[in-house]
Each structure stands twice: as C-alpha cells, then as structure tokens.
Amino acid sequence: MIWDMVGTRGGLEAWMADRVEENNGLFTFYWGESESRQAELTARRVGTYIRMHWLDESPKTFFELRISHNELTNTFTLEVIEQTDDEDVEGLTGLWEGFAETLTRVAGV
C-alpha cells in the first residue's frame with residue numbers, strides 16, 4: 001500500500017497534488033487552477049524508492065521518496081530526500097511536512 005501511494009501517478013495525486021499526469025516518465029503536477037510543475041522520473045526501484053527531477057531546477061537537483069522496512073519491529077518508514085539549490089530549507093521542510101500529513105490522513109494511518 002505504501003508503494004502505491006508514493007510510486008504511482010494515482011497515489012501521488014491522492015496526497016501531493018490536485019492532479020498528476022504521467023507520460024513516459026514525465027510527471028506533470030497540478031495545484032489549483034493555474035499552478036503546475038513537471039518532473040522527470042530519473043530512477044525507480046519498485047517497492048523501494050522513486051526519484052524525480054523538477055525540470056525547472058538545475059540538473060543536479062532531485063527529490064526522492066524512499067521506503068524502508070524494519071524487520072525487527074515490522075514497521076515501514078518513508079524518507080523524503082531533496083537535493084536542491086533552494087536556500088529556503090525551512091519552507092521546503094514545511095512543504096514536505098504538509099504533504100506527509102496529507103499522506104497520513106489519506107492512507108488512514
């Protein structure tokens with residue numbers, strides 16, 4: 001279930017954007033009536049992680065959603081990794097925390 005929420009177009013649409021379209025590894029995220037951004041899928045390991053690059057940012061930037069499983073406690077962790085040139089770390093942290101709250105609510109955990 002976790003992978004479906006972070007590794008698929010429909011899952012991302014449930015918590016990260018109002019609408020998400022995918023065409024051959026190019027994702028378009030829509031918020032509201034006029035805001036959109038495109039991200040290119042750069043790496044994916046089904047069940048483990050997905051990495052994308054926002055096309056309007058420098059080539060060395062990316063964001064990654066990584067799932068890990070602790071066999072001892074049988075718990076799963078979603079880790080968000082963002083490599084960015086943006087200096088507003090506090091703003092980005094708040095953005096991802098908001099996404100995480102929505103994901104938690106939508107997933108019912």
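Trainee: Looking at this structure, how should I read helix α3 (residues 89-107)?
Mentor: Within an α-helix, residues lying three or four positions from one another point in the same direction, as the helix has 3.6 residues per turn. Spanning 19 residues, α3 covers 26 Å between terminal C-alpha atoms, matching the ideal 27 Å at 1.5 Å per step. When α3 is considered as a whole, its buried residues turn out to be Leu 92, Trp 96, Phe 99, Leu 103 and Ala 107. Each buried residue of α3 lies within a common arc of 65° when the element is viewed along its axis, so the set occupies one face. Within α3, the exposed residues directed more than 90 degrees away from the buried face are Glu 90, Glu 101 and Arg 105. The secondary structure elements touched by the buried residues of α3 are α1 (2-6), α2 (9-15), β5 (62-70) and β6 (75-83). Within two residues after α3, Gly 108 carries a phi angle of roughly 75°, on the positive side.

Trainee: Explain the environment of Ser 36 here, please?
Mentor: Mapping Ser 36 onto the fold places it in strand β3 (residues 35-45). Sequence separation between Ser 36 and Ala 14 is 22 residues, and the spatial gap between their C-alpha atoms is 16 Å. Ignoring anything within four residues of it in the chain, the contact list for Ser 36 reads Thr 28, Phe 29, Tyr 30 and Trp 31.

Trainee: Even after reading the chapter, I still don't get the pairing of strand β2 (residues 26-31), so can you show me in this structure?
Mentor: Along any regular strand, the residues point their side chains to alternate faces of the sheet. Where strand β1 (residues 19-23) lies against β2, five bridges are found, and the strand directions are antiparallel. Residue pairing across strands places Glu 21 opposite Thr 28, the latter belonging to β2. Between β1 and β2, which pair antiparallel one after the other, the connecting turn spans two residues, and Asn 24 there sits at a positive phi close to 50°. With six bridges joining them, β2 and β3 adopt antiparallel strand pairing. Of the residues in β3, the one forming a bridge with Phe 27 is Ala 39. As consecutive antiparallel partners, β2 and β3 are separated by three residues, and within that stretch Gly 32 has a phi angle of approximately 65°, a positive value.

Trainee: Any chance you could explain a negative patch on the surface here in plain terms?
Mentor: Residues Asp 86, Glu 87, Asp 88 and Glu 90 make up a contiguous surface patch of negative charge. Topologically, Glu 90 is positioned in helix α3.

Trainee: Explain the sheet that holds β1 to me, please; I cannot follow it from the model alone.
Mentor: Where strands meet in a sheet, backbone hydrogen bonds hold them as pairs that are either parallel or antiparallel. What the six strands build is an open sheet, ordered β1-β2-β3-β4-β5-β6; its pairing is antiparallel. Only two strands of the sheet have a single neighbouring strand rather than two, namely β1 and β6. When strand polarity is set aside, the average angle formed by the axes of neighbouring strands in this sheet is 25°. As paired strands, β5 and β6 are joined by nine bridges and run antiparallel to one another. When the sheet's bridge partners are listed, Asn 70 is paired in β6 with Thr 75. Of the strands in this sheet, β5 and β6 touch α3, which is tilted by about 150° from β6.

Conventions and cut-offs
Residues numbered from 1 in each chain as written. Predicted model: local features only at pLDDT ≥ 70, side-chain atom pairs only at ≥ 80, totals over all residues. Heavy atoms only, no water. Helix = DSSP H or I, 4+ residues; strand = E, 2+ residues; numbered from the N terminus. Expected span 1.5 Å × (residues − 1). Buried < 20%, exposed > 50% of the residue type's maximum accessible area, 1.4 Å probe, protein only. Arc of directions from axis to C-beta. Contact = heavy atoms within 4.5 Å. Pairing = 2+ DSSP bridges. Patch = residues over 30% accessible without salt bridge, like charges linked within 9 Å, V, L, I, M, F, W, Y side chains within 5 Å. Areas by Shrake-Rupley, 256 points an atom, 1.4 Å probe, with all protein chains shown as cover. Salt bridge = Lys/Arg side-chain N within 4 Å of Asp/Glu carboxyl O. Lys, Arg positive; Asp, Glu negative; His and termini not counted. Charge placed at Lys NZ, Arg CZ, Asp CG, Glu CD. Axes fitted to C-alpha atoms, helices over the stretch in contact; angles between N-to-C directions.

Take it as geometry only, folks, not as evidence of what the structure does.
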